[in-house]
Amino acid sequence: MANIKPCPECGETPIVGYACGDYFIMPLSKPLFMCVCSSFNEMHASEEREIEEWNKYVERWRAKNV
């Protein structure tokens with residue numbers, strides 16, 4: 001399984017949740033839409049794909065915001 005990158009804004013490493021056949025990114029301590037990790041809303045059928053897309057999102061965010 002791929003390593004999940006930490007949130008580029010708060011530095012916390014989110015967890016991957018699962019419900020109703022989809023995997024999704026869950027922040028550890030941030031309310032919805034208050035941080036990058038609580039704003040990512042893509043869901044995928046495999047955990048590996050969800051982590052892959054999150055990691056790509058992190059890199060795109062860093063390229064635009066750092």
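Anyway, here's the lowdown on the structure attached to this text.

Conventions adopted
Residues numbered from 1 in each chain as written. Predicted model: local features only at pLDDT ≥ 70, side-chain atom pairs only at ≥ 80, totals over all residues. Heavy atoms only, no water. Helix = DSSP H or I, 4+ residues; strand = E, 2+ residues; numbered from the N terminus. Phe/Tyr/Trp six-rings, centres within 6.5 Å; stacked < 30°, edge-to-face > 60°. Buried < 20%, exposed > 50% of the residue type's maximum accessible area, 1.4 Å probe, protein only. Salt bridge = Lys/Arg side-chain N within 4 Å of Asp/Glu carboxyl O.

If you check the backbone angles, Cys20 has positive phi at about 50 degrees while not being a glycine. Secondary-structure assignment places Cys20 in the loop between β1 (15-19) and β2 (22-26). Unusually for a residue other than glycine, Phe33 sits at a positive phi of about 65 degrees.

Let's shift gears to the packing of aromatic side chains. With the rule as written, the count across this model stands at four aromatic pairs. Relative to Tyr23, the ring of Tyr18 has its centre 4.5 Å away and its plane inclined at 50 degrees; by these criteria the two rings are tilted. Residue classification places Tyr18 among the exposed residues on the basis of a relative accessible area of 51%. Under the relative-accessibility criterion, Tyr23 is labelled partly exposed at 21%. A ring pair is formed by Phe40 and Tyr57, whose centres lie 4.9 Å apart and whose planes are at 55 degrees; its orientation type is tilted. Taken together, the residues span a long stretch of sequence, with Phe40 in the loop between β2 and α1 (47-65) and Tyr57 in helix α1 at a distance of 17 residues. Take Phe40: its relative accessible area is 7%, and that puts it in the buried class. Taken together, the ring pairs in this structure connect Phe40, Trp54 and Tyr57 into an aromatic cluster.

Right, let's talk about the pattern of salt bridges for a bit. For the coordinates displayed, the defined rule picks out five salt bridges. Between Lys5 and Glu59 there is a salt bridge, with its nearest N and O atoms 2.6 Å apart. Of this pair, Lys5 sits in the segment before β1 while Glu59 sits in helix α1, and the two are 54 residues apart along the sequence. A residue is classified by how much of its surface remains accessible, and Lys5, at 28% relative accessible area, is partly exposed. For Lys56, the salt bridge goes to Glu52, with nearest N and O atoms at 3.4 Å. With Lys56 and Glu52 both in helix α1, this residue pair falls four residues apart, about one helical turn. A relative accessible area of 39% means that Glu52 is categorised as partly exposed. Here the residues in one salt-bridge network are Arg49, Glu52, Glu53 and Lys56, joined through shared partners.

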